[in-house]
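# Close look at the chain arrangement
Spelled out from the first residue to the last, the chains are:
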Amino acid sequence: MPVTKTHPVAVLREAYAAGERAMGENKVQEVVEKATELDDLPDLSWSLIGHLQSNKAGVVAELFSEFQALDSVKLARALDRRLQELGRSMDVLIQVNSSGEPQKYGVAPAEVADFAVELAACHSLRVRGLMTLAVFSDDTAAVAACFRRMRDVQTELRQTDAAAGSYDDLSMGMSGDFELAIEHGATTVRVGQAIFGPR
Ligand SMILES: *Cc1c(COP(=O)(O)O)cnc(C)c1O
């Protein structure tokens, strides 16, 4: 998935012309503005890959087709309520804090199964899988350990009867670590700088 945050719409038009249709962004307001400027592009879609506060759930339900950073039940319910009002549904991934760093968002690996059971009540959310940001480090073993933890969480979810949805998608890997992520089973890599240059 091309990550187009901070880049002007001209860059997104180039990506679109090259065949990309789903753009990864991390700020709601930025997408509100870009979507207006790009509303002439058919089937362009937006994936929110960054943290979201519940009070913005309404805009997200209207504008985005996917949300990759779901990490709270309160937010899930707010999104679900708004989607039901709109008669829509949305693909979501659960963000997992695979590195255990306190400053990172995401559900702790040991808590993902319980979280997924709670999501089963949110019928407008189509739970597709898991997303993570690995530890940012040159230590390949430490990065790989994050990716392996994601596979373990995925395996556990598949054995949890009451968990919502499917868990086939593993969104992990960015410009600096996408090859390693693919080796460890990533189905989506979110790549910004390696495609578009520095931000
Ligand atoms: C910015 C961002 C990326 C892409 O990072 P690059 O280093 O530019 O590839 C991936 N995932 C998330 C959640 C991001 O915020």
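Residues numbered from 1 in each chain as written. Predicted model: local features only at pLDDT ≥ 70, side-chain atom pairs only at ≥ 80, totals over all residues. Heavy atoms only, no water.

### Focus on the overall build of the protein chain
When helices and strands are tallied, the protein chain shows eight helices and six strands. When the helices and strands of the protein chain are placed in sequence order, the string is α-β-α-β-α-β-α-β-α-β-α-β-α-α. In terms of overall size, the protein chain behaves like a compact globule, its C-alpha atoms giving a radius of gyration of 16 Å where 199 residues would be expected to give roughly 16 Å. The C-alpha extent of the protein chain, read off along each of the three principal axes, is 45 × 45 × 25 Å. The burial tally for the protein chain puts 49% of its 199 residues in the buried class. When contacts within the protein chain are restricted to residue pairs at least 6 apart in sequence, long-range pairs at least 24 apart make up 59% of them. For the protein chain, the computed accessible surface area is about 9,600 Å², with 49% contributed by carbon and sulfur atoms. (Helix = DSSP H or I, 4+ residues; strand = E, 2+ residues; numbered from the N terminus. Rg over C-alpha atoms; globule rule 2.2 N^0.38 Å. Buried < 20%, exposed > 50% of the residue type's maximum accessible area, 1.4 Å probe, protein only. Contact = heavy atoms within 4.5 Å. Areas by Shrake-Rupley, 256 points an atom, 1.4 Å probe, with all protein chains shown as cover.)

### Here's the deal with the nonpolar core
Formed by 62 residues in total, the largest nonpolar core has its most connected members in W46, F67, L70, I94, L130, L157 and Y167. Ranked by the residues each element gives to this core, the list is headed by helix 6 (residues 140-158), at seven residues. (Core = buried A, V, L, I, M, F, W, Y, C linked by side-chain atoms within 4.5 Å.)

### Notes on a negative patch on the surface
Judged by side-chain charge, E111, D114, D152 and E156 come together as a negatively charged surface patch. Within the secondary structure, E111 is located in the loop between strand 4 (90-95) and helix 5 (112-119). (Patch = residues over 30% accessible without salt bridge, like charges linked within 9 Å, V, L, I, M, F, W, Y side chains within 5 Å. Salt bridge = Lys/Arg side-chain N within 4 Å of Asp/Glu carboxyl O. Lys, Arg positive; Asp, Glu negative; His and termini not counted. Charge placed at Lys NZ, Arg CZ, Asp CG, Glu CD.)

### A closer look at the layout of surface pockets
Here the largest pocket is characterised by a volume of approximately 760 Å³. The wall of the largest pocket is formed by 33 residues, among which K5, N26, I49, L133 and M174 lie closest to the centre. Here the lining of the largest pocket is composed, by residue class, of 14 nonpolar, eleven polar and eight charged. (1 Å grid on protein atoms, 1.4 Å probe; cavity = no way out; pocket = protein on both sides within 12 Å on 5 of 7 lines; lining within 4 Å. Points joined across faces, edges and corners; volume = space filled by probe spheres on them. Nonpolar A, V, L, I, M, F, W, Y, C, P; charged D, E, K, R; others polar.)

### A few points about the packing of aromatic side chains
Summed over all chains, the structure comprises zero aromatic pairs. Against the face of Y16 rests R21, its NZ or CZ located 3.6 Å from the ring centre. (Phe/Tyr/Trp six-rings, centres within 6.5 Å; stacked < 30°, edge-to-face > 60°. Lys NZ or Arg CZ within 6 Å of the ring centre and 35° of its normal.)

### Some words on the site of the ligand
The immediate surroundings of the ligand are formed by V3, K5, I49, L133, M174, S175, R190, V191, G192, Q193 and R199. For the ligand, whose accessible area on its own is 390 Å², the fraction buried by protein is 92%. Its atoms largely coinciding with the cavity grid, the ligand occupies the largest pocket. Class assignment for the residues of the shell around the ligand results in five nonpolar, three polar and three charged. (Near = heavy atom within 4 Å. Sits in = over half its atoms within 2 Å of the grid points.)

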